[in-house]
Amino acid sequence: MKNKSRSKGKLDYKILITTIILVVFGNIMVFSSSWPYAVRLGLNPYNFIIKQALFSIIGIVGMYITSFIDYRVYRKYGYVIYILTIILSIIVLFTGDLSRFAARRWIDLGPITIMPSDFLKLGTIMAVCKYIALNKNRIYTIAYGLIPMIFFLGISCFLVYLQPDLSTTMVMGAIVLSIFIVGGVSLKQSAIAIFGLGGIGVFGIVNARSSYSRSSRIEAWLDPLKDFSNKGWQLAQSLFAVSYGGIFGVGLGKSRHKFSYLSEAHNDFIFAIIAEELGFIGGMTVVFLYLYLVYSGMKLAFKIQDSFGKLMIIGIMLLIGIQAFINISVALGIVPPTGLTLPFISYGGSSLLVFLFMIGIVLNISRYKDRR
């Protein structure tokens, strides 16, 4: 009799198709929003879209290959992968490019630039999920619940905070905390961790206010028109672009604010260009695609019998959802500018590759719904 736990089923095509739509749409918007910036830099107008398209092809091929790799290999080597991403995050603290926003977040490898924090997100999810799967019957205790949770929070969040990258620090903390809560830590432990995470946030804000550049950025967020010609310029232009788009937008490729207004139009503020060119309808369509992707992933997760596979899907989908929410909120002025990319859409090689790799893992797990 065939072992049911080892039988492969069909992958989840809803997740696959939604991801492909986001990637293709992202390439269209990266080209639309980046060519004026490329021209200003004296580059080929197709410079950014060529790179993005190349990473998209590599990422989709990688996603396809990953969908056939048994996800249990990540449970086996989860801690090793986590340690490697930690080492990469330490390296960037000493060798990272400081020329970009006075932060060591990027490693320049010549034709490409990578962000170690992108890989640390995945490494952290793998390690946390492996730990909980191995200790699911005693995760409710302080020794196996609260203390390890603080350990993972401390290591991953501290390394990212040192770069410095407060927004990714908070995202990382929220993901670790959420996985532990789903994994079964007690409500008391969860409350302690939540207060602890809140304390980290307060500390970060207080520390940010001690730095002129950060405090002025927060003040610019609260009132972008007050310092319109300097710190408030980017956010103000983003809000102008969104409002200018109206209901139906000015038309694909016809944005005005990508011309010398939004300096990160193809990256952090790409949603503002989407809203300007495609209007409220286009913007809400993007939001719906993310909601549908996360919903499909969560629905799949609760069909998975294997605890490691279930937690991996939940962690990955939470990461995609939270990061998309924050990026869109930045463009709308709901939260201060953070530097987080819009998953699958924003320009950025390492971010796109890591997110597609994550989807490949989810697709592979979907093949083994009955595995225990």
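Quick note: structure is the one above.
Residue numbers here run from 1 along each chain, matching the order of that chain's written sequence. Selection of residues for local features in this predicted model requires a pLDDT of at least 70, selection of side-chain atom pairs for listing and counting requires 80 or more, and totals for whole chains, interfaces and linings are taken over all residues. Side-chain figures throughout are based on the complete set of non-hydrogen atoms in the structure, without hydrogens or water.

A. Focus on the overall build of the chain. Secondary structure summary: the chain contains 13 helices and 2 strands in total. A 1.4 Å probe rolled over the protein chains alone gives each residue an accessible area, and that area as a share of the maximum for its type sets the label: buried under 20%, exposed over 50%, partly exposed in between. Out of the 372 residues belonging to the chain, those deemed buried represent 52%. Residue pairs at least 24 apart in sequence account for 72% of intrachain contacts in the chain once pairs closer than 6 positions are excluded. The way it works is that DSSP assigns letters per residue, a run of H or I at least four long becomes a helix, a run of E at least two long becomes a strand, and they are numbered from the N terminus. By the convention used here, residues are in contact when the closest approach between their heavy atoms is within 4.5 Å.

B. Up close: the pattern of salt bridges. Here, a salt bridge means any side-chain nitrogen of Lys or Arg that lies within 4 Å of a carboxyl oxygen of Asp or Glu. This structure, assessed with the given rule, holds 5 salt bridges. As a salt-bridge pair, Asp12 and Lys14 come within 3.5 Å of each other at their nearest N and O atoms. Between Lys258 and Glu277 there is a salt bridge, and its shortest N-O distance comes to 3.1 Å. Residue Lys258 is found in the loop between helix H10 (233-245) and helix H11 (270-301), and its partner Glu277 is found in helix H11; the two are separated by 19 residues along the sequence.

C. Highlighting helix H2 (residues 47-66). With 20 residues, H2 extends 28 Å from end C-alpha to end C-alpha; this agrees with the ideal 28 Å at 1.5 Å per step. Looking only at H2, the buried set comprises Asn47, Phe48, Ile49, Gln52, Phe55, Ser56, Gly59, Met63 and Thr66. Viewed end-on, H2 has its buried residues packed into an arc of 165 degrees, placing them on one side of the element. Looking at H2, the residues exposed on the side facing more than 90 degrees away from the buried face are Ile50, Leu54, Ile57 and Tyr64. At its buried positions, H2 is contacted by helix H1 (13-40), helix H3 (72-76) and helix H13 (349-366). Expected helix span is taken as 1.5 Å per residue step, with the number of steps being one fewer than the number of residues. Directions are taken from the helix axis to each C-beta atom, and the arc is the one they span.

D. Representation of the side chain of Ser346 within the structure. For Ser346, the position within the fold is in the loop between helix H12 (307-331) and H13. By relative accessible area, which is 4% here, Ser346 ends up buried.

E. Representation of helix H7 (residues 166-183) in the model. A rise of 1.5 Å per residue sets the reference length of H7, with its 18 residues, at 26 Å; its end C-alpha atoms lie 26 Å apart and thus fit the reference within 8%. Among the residues of H7, those classed as buried are Ser167, Thr168, Thr169, Val171, Met172, Gly173, Ile175, Val176, Leu177, Ile179, Phe180 and Gly183. Looking one or two residues past H7, Gly184 carries a phi angle of roughly 120 degrees, positive in sign.

F. Structural detail: the packing of aromatic side chains. The aromatic pairing rule takes the rings of Phe, Tyr and Trp, using the six-membered ring of Trp, and pairs them if the centres are within 6.5 Å, calling planes under 30 degrees apart stacked, those over 60 edge-to-face and the rest tilted. Inspection of every chain in the model, using the stated rule, returns 15 aromatic pairs. Judged by centre distance (5.7 Å) and plane angle (25 degrees), the ring pair of Tyr37 and Phe48 falls under stacked. Here Tyr37 is found in helix H1, whereas its partner Phe48 is found in helix H2, with 11 residues between them in sequence. Residue classification places Tyr37 among the partly exposed positions, given a relative accessible area of 23%. Phe48 gets classed as buried once you look at its relative accessible area, which sits at 8%. Geometrically, the ring pair formed by Tyr64 and Phe68 is edge-to-face, given 5.0 Å between the ring centres and 70 degrees between the ring planes. Taken together, the ring pairs connect Tyr82, Tyr131, Phe151, Phe152 and Phe180 into an aromatic cluster. Whether a charge lies above a ring is judged from NZ of Lys or CZ of Arg, which has to be within 6 Å of the ring centre and within 35 degrees of the ring normal. In this arrangement the basic side chain of Lys130 is found over the ring face of Tyr79, its NZ or CZ atom lying 4.4 Å from the centre. Taking the ring centre of Phe68 as reference, the NZ or CZ of Arg367 above it sits at 4.3 Å.

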